Amino acid sequence: MRTWQVERRKRTRHLIELGGLVVKAGIVELTNDDRAIIHGALLWIADKLQSDDAEHARNLWVVKGRQAFDAERRKQQMGRRT
């Protein structure tokens, strides 16, 4: 496979994974799949990450994200045991 094809597939997989996070967070349902709302929210996040409050926001968001991933992992493990 050519290098550009490999890179394109990597990029495609990355974009799909990022989209999956939007779905996993419930954003699609909460916004009724309104792309303008989703885009606006992402722009708000980007603004926040460029502000004086960026470090505080990152710290809050990383804790919340890790908690969600851990809860999902525990739920999956419990499902395998039953």
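None of these values were measured; they are calculated from a predicted model.

Caption draft 1: Focus on the pattern of salt bridges. Evaluated as defined, the whole model comprises six salt bridges. Put simply, E7 and K10 hold a salt bridge, and the shortest N to O gap is 3.5 Å. A residue pair is termed a helical-turn pair when its members lie 3 or 4 positions apart in one helix, as E7 and K10 do in helix α1 (residues 3–24) at three residues. Ionic pairing is found between D70 and R73, a salt bridge with its closest N-O pair at 2.8 Å. One end of the pair is D70 and the other is R73, both in helix α4 (residues 54–81) and three residues apart, which spans about a single turn. Using a relative accessible area of 32% as the deciding quantity, one classes D70 as partly exposed.

Caption draft 2: View of the packing of helix α3 (residues 35–49) against α4. In the contact formed by α3 and α4, the axes pass within 7 Å of each other and the chain directions differ by 125°. One way to sum up the angle between α3 and α4 is to call them oblique. Between α3 and α4, the contacting residues are W44, I45, K48 and L49 on the first element and A54, A57, R58 and W61 on the second. Tallied by class, the residues present in the contact of α3 with α4 amount to six nonpolar, no polar and two charged.

The rules we used
Residues numbered from 1 in each chain as written. Predicted model: local features only at pLDDT ≥ 70, side-chain atom pairs only at ≥ 80, totals over all residues. Heavy atoms only, no water. Salt bridge = Lys/Arg side-chain N within 4 Å of Asp/Glu carboxyl O. Helix = DSSP H or I, 4+ residues; strand = E, 2+ residues; numbered from the N terminus. Buried < 20%, exposed > 50% of the residue type's maximum accessible area, 1.4 Å probe, protein only. Axes fitted to C-alpha atoms, helices over the stretch in contact; angles between N-to-C directions. Parallel < 35°, antiparallel > 145°, perpendicular 65-115°, else oblique. Contact = heavy atoms within 4.5 Å. Nonpolar A, V, L, I, M, F, W, Y, C, P; charged D, E, K, R; others polar.

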